[in-house]
Amino acid sequence: MKILASDFDNTLYFHNSMKENDLKAIKKFQEKGNLFGICTGREINGIIEPSKEFDIQ
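Residues numbered from 1 in each chain as written. Predicted model: local features only at pLDDT ≥ 70, side-chain atom pairs only at ≥ 80, totals over all residues. Heavy atoms only, no water.

## Examining the environment of Ala5
At step 1: With respect to the helices and strands, Ala5 occurs in strand β1 (residues 3-7).
At step 2: Setting aside chain neighbours within four positions, we find Ala5 in contact with Gly37 and Cys39. (Helix = DSSP H or I, 4+ residues; strand = E, 2+ residues; numbered from the N terminus. Contact = heavy atoms within 4.5 Å.)

The structure is reproduced here in structure tokens:
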């Protein structure tokens, strides 16, 4: 198993959106049994709310 973490603002999340290619790559990575996480200085709701529509788990 591998673990990958990404910054949120201006790395994964740009101008209230996430790039489709990034989302596909994350899902493919997770499907292989790997873990993905987000590293940020935001509070938890600052990640959950804006990412809901993009189905990041």
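From this point, the narrative continues.
## Re the pairing of β1
At step 1: Alignment of β1 against strand β2 (residues 35-39), held across 5 bridges, turns out to be parallel. Bridged to Ala5 within β2 is Gly37.
At step 2: Remark: the β1/helix α1 (residues 20-31)/β2 crossover connection has right-handed handedness. (Pairing = 2+ DSSP bridges. Right-handed = clockwise from strand over helix to strand, strands pointing away.)

## Here's the deal with the packing of aromatic side chains
At step 1: Enumeration over the complete set of coordinates arrives at 1 aromatic pair.
At step 2: Ring geometry for Phe8 against Tyr13: centres 4.7 Å apart, planes inclined by 10 degrees, an arrangement best described as stacked. Here Phe8 matches Tyr13 in class, with each residue buried.
At step 3: The positively charged end of Lys19 is found above the aromatic ring belonging to Phe14, 4.9 Å away from the centroid. (Phe/Tyr/Trp six-rings, centres within 6.5 Å; stacked < 30°, edge-to-face > 60°. Buried < 20%, exposed > 50% of the residue type's maximum accessible area, 1.4 Å probe, protein only. Lys NZ or Arg CZ within 6 Å of the ring centre and 35° of its normal.)

## Here's the deal with the nonpolar core
At step 1: One finds Phe8, Leu12, Tyr13, Met18, Leu23, Ile26, Phe36, Ile47 and Phe54 forming the largest nonpolar core, which totals 9 residues.
At step 2: Excluding its chain neighbours within four sequence positions, the residues that come into contact with Leu23 are Met18, Phe54 and Ile56. (Core = buried A, V, L, I, M, F, W, Y, C linked by side-chain atoms within 4.5 Å.)

## With respect to the environment of Lys19
At step 1: Examined against the element boundaries, Lys19 turns out to sit in the loop between β1 and α1.
At step 2: A C-alpha to C-alpha distance of 9.5 Å links Lys19 and Phe54, two positions 35 residues apart in sequence.
At step 3: Look past the residues within four positions of Lys19 in its chain and what remains in contact with it is Leu12 and Phe14.

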